[in-house]
Amino acid sequence: MNDSNHVTPEQAIVGLLSGKSRENPFVVFEQIRQTGSVVQLPFPMGETNNKAWVVTHMEEALKVLKDQEHFCVDPTSIDKNSTIKQSLTGSSDSTGSDMFLTNSLNAIDQPDHRRLRTLVSKAFTPRYMEGLRPRIQELADELLDQVQDQGEMDLVKNYANLLPINVISDMIGVPKSDHSLIHKWSEGIANGLGVGTVDPKTAENLKDFGDYIKQLTADKRKQPSDDLISQLISIEEQGDRLDEEELISLVQLMIFAGHETTSTLISTGTLLLLDHPEQLEMLKADPNLIPGAVEELLRYHGPSTTAGPRYALKDLELKGQQIKKGDMIFPLLKAANRDEQQFERAEELDVTRTIKRHLAFGQGVHMCLGAPLARVEGTIAFATLFKRMPNLQLSIPREDVSWKFKLAAQSLSSLPVKF
Ligand code: HEM
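- Per an unreviewed UniProt entry, the chain carries the name Cytochrome P450 and comes from Planococcus notacanthi.

### Some thoughts on the overall build of the chain
Phase 1 of the analysis: Assigned secondary structure in the chain consists of 18 helices and 14 strands.
Phase 2 of the analysis: The proportion of buried residues among the 419 residues of the chain is 54%.
Phase 3 of the analysis: Within the chain, counting contacts between residues at least 6 apart in sequence, those at least 24 apart form 72% of the total.
Phase 4 of the analysis: With an accessible surface of roughly 18,600 Å², the chain has 49% of that area assigned to carbon and sulfur atoms.

### What to know about the sheet that holds strand β4 (residues 152–154)
Strands belonging to one sheet form pairs held by backbone hydrogen bonds; the direction of such a pair is parallel or antiparallel.
Phase 1 of the analysis: Reading across the sheet, the three strands line up as β4-β14-β11 and stay open at both edges, with antiparallel pairing between neighbours. If you trace the sheet from one side to the other, it starts and ends with β4 and β11 (393–394), each paired once.
Phase 2 of the analysis: Here β11 pairs with strand β14 (residues 416–418) via two bridges, running antiparallel. Paired with Q393 across the two strands is K418, which belongs to β14.

### Points about the site of the ligand
Phase 1 of the analysis: Taken together, 28 residues are adjacent to the ligand, and H113, R117, R310, H366 and C368 come closest.
Phase 2 of the analysis: One of the side-chain N or O atoms of H113 is found 2.7 Å from an oxygen atom in the ligand.
Phase 3 of the analysis: Broken down by secondary-structure element, the contributors of at least two residues to the shell around the ligand are α6 (112–123), α14 (244–275) and α18 (371–388).
Phase 4 of the analysis: Considering every element that reaches the shell around the ligand, the biggest residue donor is α14, with seven residues.

### A short note on the coordination of the iron atom of the ligand
Phase 1 of the analysis: The protein gives the iron atom of the ligand a lone donor atom, C368 (SG), placed 2.3 Å from the metal.
Phase 2 of the analysis: Summarising the element assignment, C368 is placed in the loop between α17 (333–336) and α18.

### Brief notes about the pairing of strand β10 (residues 328–331)
Phase 1 of the analysis: The alternating pattern of β10 places M328 and F330 and I329 and P331 on opposite faces, both of which are buried.
Phase 2 of the analysis: Relative to β10, strand β2 (residues 52–55) runs parallel, the two being bridged by four bridges. Paired with A52 across the two strands is M328, which belongs to β10.
Phase 3 of the analysis: Sheet analysis places strand β7 (residues 310–312) next to β10, joined by two bridges and oriented antiparallel. Within β10, the position partnered with R310 by the bridge is I329.

### Here's the deal with the sheet that holds strand β3 (residues 71–72)
Phase 1 of the analysis: Taken in spatial order, the five strands make up an open sheet running β1-β2-β10-β7-β3, and their pairing is mixed. Each edge of the open sheet carries a strand with a single partner, namely β1 (38–40) and β3.
Phase 2 of the analysis: Here helix α3 (residues 58–66) sits on the sheet and contacts β1, β2, β3, β7 and β10; the angle it forms with β10, its principal contact strand, is near 125°.

### Here's the deal with helix α12 (residues 200–222)
Phase 1 of the analysis: If you check α12, its first and last C-alpha atoms are 33 Å apart, about what 23 residues at 1.5 Å a residue would give, namely 33 Å.
Phase 2 of the analysis: Taken residue by residue, α12 has T202, A203, N205, L206, F209, G210, Y212, I213, L216, T217 and K220 as its buried positions.

### A closer look at unusual backbone geometry
Phase 1 of the analysis: Here Q110 and P111 are connected by a cis peptide whose omega angle stands at 0°.
Phase 2 of the analysis: The residue P111 is located in the loop between α5 (97–102) and α6 in this model.
Phase 3 of the analysis: A positive phi angle is found at K319, which is not glycine, with a value near 45°.
Phase 4 of the analysis: Turning to its location among the elements, K319 is positioned in the loop between β8 (316–318) and β9 (321–323).
Phase 5 of the analysis: Positioned with a positive phi, R345 is a non-glycine residue whose angle comes to about 45°.
Phase 6 of the analysis: Along the chain, the position of R345 falls in the loop between α17 and α18.

### Looking at the packing of α14 against α18
Phase 1 of the analysis: The geometry of α14 relative to α18 is characterised by a closest axis approach of 10 Å and an angle of 40° between their N-to-C directions. In terms of orientation, α14 and α18 fall into the oblique class. For the element pair α14 and α18, the recorded crossing hand is right-handed. Facing T262, L265, I266, G269, T270 and L273 of α14, the residues of α18 in contact are A374, E377, G378, A381, F382, L385 and F386.
Phase 2 of the analysis: For the contact of α14 with α18, a count of residues per class yields eight nonpolar, four polar and one charged.

Reading the values: the criteria
Numbers given to residues run from 1 along each chain, matching the order in which its sequence is written. In keeping with the predicted nature of the model, local features appear solely for residues at pLDDT of at least 70, side-chain atom pairs appear and are counted solely at 80 or more, and the whole-chain, interface and lining totals rest on all residues. Side-chain metrics rest on all non-hydrogen atoms present in the structure, leaving aside hydrogens and water. Counting from the N terminus, the helices are DSSP H or I runs at least four residues long and the strands are E runs at least two residues long. Residue burial is assigned from relative accessible area. The probe radius is 1.4 Å, only protein chains are included, and a residue is buried under 20% of its type maximum, exposed over 50%, and partly exposed in between. A contact between two residues is defined here by any heavy atoms of the two lying within 4.5 Å. Under the convention used here, a 1.4 Å probe and the Shrake-Rupley method define accessible areas, while residue burial counts only the protein chains that appear. Two strands qualify as a pair provided that DSSP identifies no fewer than 2 bridges between them. We call a residue near a molecule or strand when any one of its heavy atoms sits within 4 Å of it. Polar contact is the term for a pair of N or O atoms within 3.5 Å; when the atoms are in protein, one must be able to donate a hydrogen and the other to accept it, and sequence-neighboring residues count only if both atoms are side-chain atoms. The donor set covers N, O and S atoms within 2.8 Å of the metal, switching to 3.2 Å for Na, K and Ca, and it leaves out water, so a site may look short of donors. Interaxial angles span 0 to 180 degrees and are taken between N-to-C directions of axes, which are lines fitted to C-alpha atoms, for helices over the stretch in contact. Expected helix span is taken as 1.5 Å per residue step, with the number of steps being one fewer than the number of residues. Should an angle lie under 35 degrees it is considered roughly parallel, over 145 roughly antiparallel, and from 65 to 115 roughly perpendicular; all remaining angles are considered oblique. We call a crossing left-handed when the near helix sits turned anticlockwise from the far one by less than a right angle, and right-handed when that turn is clockwise. We call Asp, Glu, Lys and Arg charged. Ala, Val, Leu, Ile, Met, Phe, Trp, Tyr, Cys and Pro are nonpolar, and the rest, Gly among them, are polar.

See below:
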C-alpha cells in the first residue's frame, strides 16, 4: 500500500464505514493497521465523553475479547444508569426489540452470561451437532435438486441463504411450512438494523418474530419433541433457571446469529474458490481437504468484520493508547485474521494451511456458540455443491459481482452461477 502512510486513522475509518471499499475492506484495514494497532474512531459515544476505538492485531484483539477484568459487553456493568445501549440500538420502546438486542446472551456479562451459556451448552453439544449431519446433507441436496436441471442459479438466493435458515429452523423445531416466514424475518432484521437505528419495519419484524417464537415455545411445552426448543424447555423445567424471556431471546439470537453469517461463509467462500481455481481443483480431487479449507476461508474472509463492541471496565493502557473506563472498543476480526505476525503469507488464500487459531468466531467467553454447527454446514455445503456441480462457474463478469456492506458484516447481494 504505497500511499497508506498519508491516510489518517480518521480517513481510513471513515472509508471503512462509508463502504467505499465494498469488496476489499482489507485495503482499509491495512491503512488503519499502518497507523497503529489500537486506533481511535472519529465519532463520539452518545452524550458521554468516552471514546470509541478499533483494534486491528491479533494480540490486542485477544486481550479485548478474553480479559474479563478489563472489558465487558454490557455498559451497564460499568454504570447501572448507562444510556449507551439505548444510543447504540436506538431503542427503548415497547416493540420487544430492546429485549432482543440488548438482553441476549451476546450482550450480557457475568454471572448471568455464565449461567445462561452453561444451560444452552447442555443442549448445544458437539454430539448433537454431529447428529445433525445427515439432515444437513438432505437439506443441501434438496436445494440443489430444485435447480439442478436449470443449469444456472443465484447461489446466494437458491443455496447459501436457504441452507442455514432451513437448518436452524429445523433444529429449533419450526415446521417446514414456516421456514420461509423465519427467513423473511431474519433477513428483514439483518438488513434493517444499524448502529443507532431500528426503523419501524424492522421493529415490526422483531415483534412478529418474537410473537411467533413465543407461540412455538408454548406449543412445544404442550407437545415436546426432539428439537432444541423442547430441550431448552426441559432444561428450564429441571433447574428452573432459564426463564421464559431468556429462552425466547436465546432462540431468536440463534436464528439471527446463525443465518446471515453461515450464508456469507457459503457464498463468499464459493466466490473465493472460483477466484482460486487451482485450490478449488485440490478440493474436488480430495474432499478430505474441505474442513481445513473452511477454516482458511473463515480466516481469510470471514463473515464478521468485527465482534460486538466491548467496554473498558477500568482505565488501562493498550499498545500505548490510554483507554478510559467506559470507552468502547471494536475488535476487528477480519483485520486480526490477516495479521502478518500470526500468519505467514497472511494475504494469501491457502486451503492447505495449518491454522492454530483464527478469530472468525471470536474468542473468550462469548466465542460463537454455533461454531461447530457452522463448520459442519460449511463443509457439507461446499462438498455437495462441488460434487454435484463440478463445472460451476460465474455467469456474470467477475467485476459485476455486487456486495452489501455494513460495519459488522459484509456479504454478497447475489452470485449468479452456471453449472
Ligand atoms: C457469537 C461469528 C454461526 C450463534 C458469535 C461471535 C462471532 C460469531 C464472531 C462472537 C461475537 C462477540 O464476541 O461479540 C459467527 C460466524 C458464523 C456463526 C462467522 C458462521 C460462519 C453461528 C450459528 C449460530 C451462532 C450457526 C447458532 C445456531 C451464536 C451465538 C453467539 C455467537 C448464540 C453468542 C455467544 C455468547 O455471547 O456467548 N458468532 N457465528 N453463530 N454466535 Fe455465531
